[in-house]
Amino acid sequence: AVYHDIPGVDISFVAATNLSGLQYHFVQPGSVLGEVSIATGASNPAPFGILQNSPSAAQEATVRMLGPSKLFCLTGGTCGIAYSRFVTVNASGQGIPLATESGSPILARNIGDTMAVSASQFIEVFFFGGGFNACAVSAC
């Protein structure tokens, strides 16, 4: 794997729930100012960062708001995540190939090794900070 040693922008929040075991998953704003919870998909509130630690409820949650990060991803039986491909989120805060969910926001881009079809693993991504929609994505 190729890792990029450039700093990202991290901000501290409070874990709204137990986020232990969810390091390198997408998070979204919690229901209370200053809290974060695991992202539940691309809808409002959209994910706004990638969790960098593994806090229990009410502990400090370090969130990568912009820049390179590891991200836990899943791929289905049709698309992998090739180098430079876009990544969005599923209902469990995991990264997935953009091609699997038409209309979902682009949240990150794979800047590391290609991830195979039907896999679950950590990849290196560049998180854009909030996501944006693009024109139709071509097939894998």
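Check the entry above for the structure.
Right, let's walk through the structure included here.

Cut-offs applied
- Residues numbered from 1 in each chain as written.
- Predicted model: local features only at pLDDT ≥ 70, side-chain atom pairs only at ≥ 80, totals over all residues.
- Heavy atoms only, no water.
- Helix = DSSP H or I, 4+ residues; strand = E, 2+ residues; numbered from the N terminus.
- Polar contact = N/O pair within 3.5 Å; in protein donor to acceptor, adjacent residues only side chain to side chain.
- Contact = heavy atoms within 4.5 Å.
- Core = buried A, V, L, I, M, F, W, Y, C linked by side-chain atoms within 4.5 Å.
- Buried < 20%, exposed > 50% of the residue type's maximum accessible area, 1.4 Å probe, protein only.

1. Quick look at the side chain of His25
Looking at the secondary structure, you find His25 in the loop between β1 (9-15) and β2 (26-29). A distance of 3.1 Å separates a polar side-chain atom of His25 from the backbone oxygen of Leu22. Leave out the neighbours within four places in its chain, and His25 touches Ile38, Gly49, Ile50, Leu51, Leu71, Phe72, Ser92, Gly93 and Gln94.

2. Let's talk about the nonpolar core
Among the nonpolar cores identified, the biggest contains 15 residues, and Phe26, Leu71, Cys73, Val87, Ile123 and Val125 are the most heavily contacted of them. At the level of elements, β5 (60-74), β6 (86-89), β8 (106-110) and β9 (120-132) are the ones that each hand at least two residues to this core. A per-element tally of this core places β9 first, with three residues. Membership of the second largest hydrophobic core comes to eleven residues, among which are Val27, Val36, Phe48 and Leu51.

3. Details of unusual backbone geometry
One non-glycine residue, Ala58, lies in the positive phi region at around 75°. Residue position: Ala58 is located in the loop between β4 (49-51) and β5. A positive phi is found at Ser84, a non-glycine position, where the angle reads about 80°. Position of Ser84 relative to the elements: it lies in the loop between β5 and β6. You can call Ser84 partly exposed: its relative accessible area is 32%.

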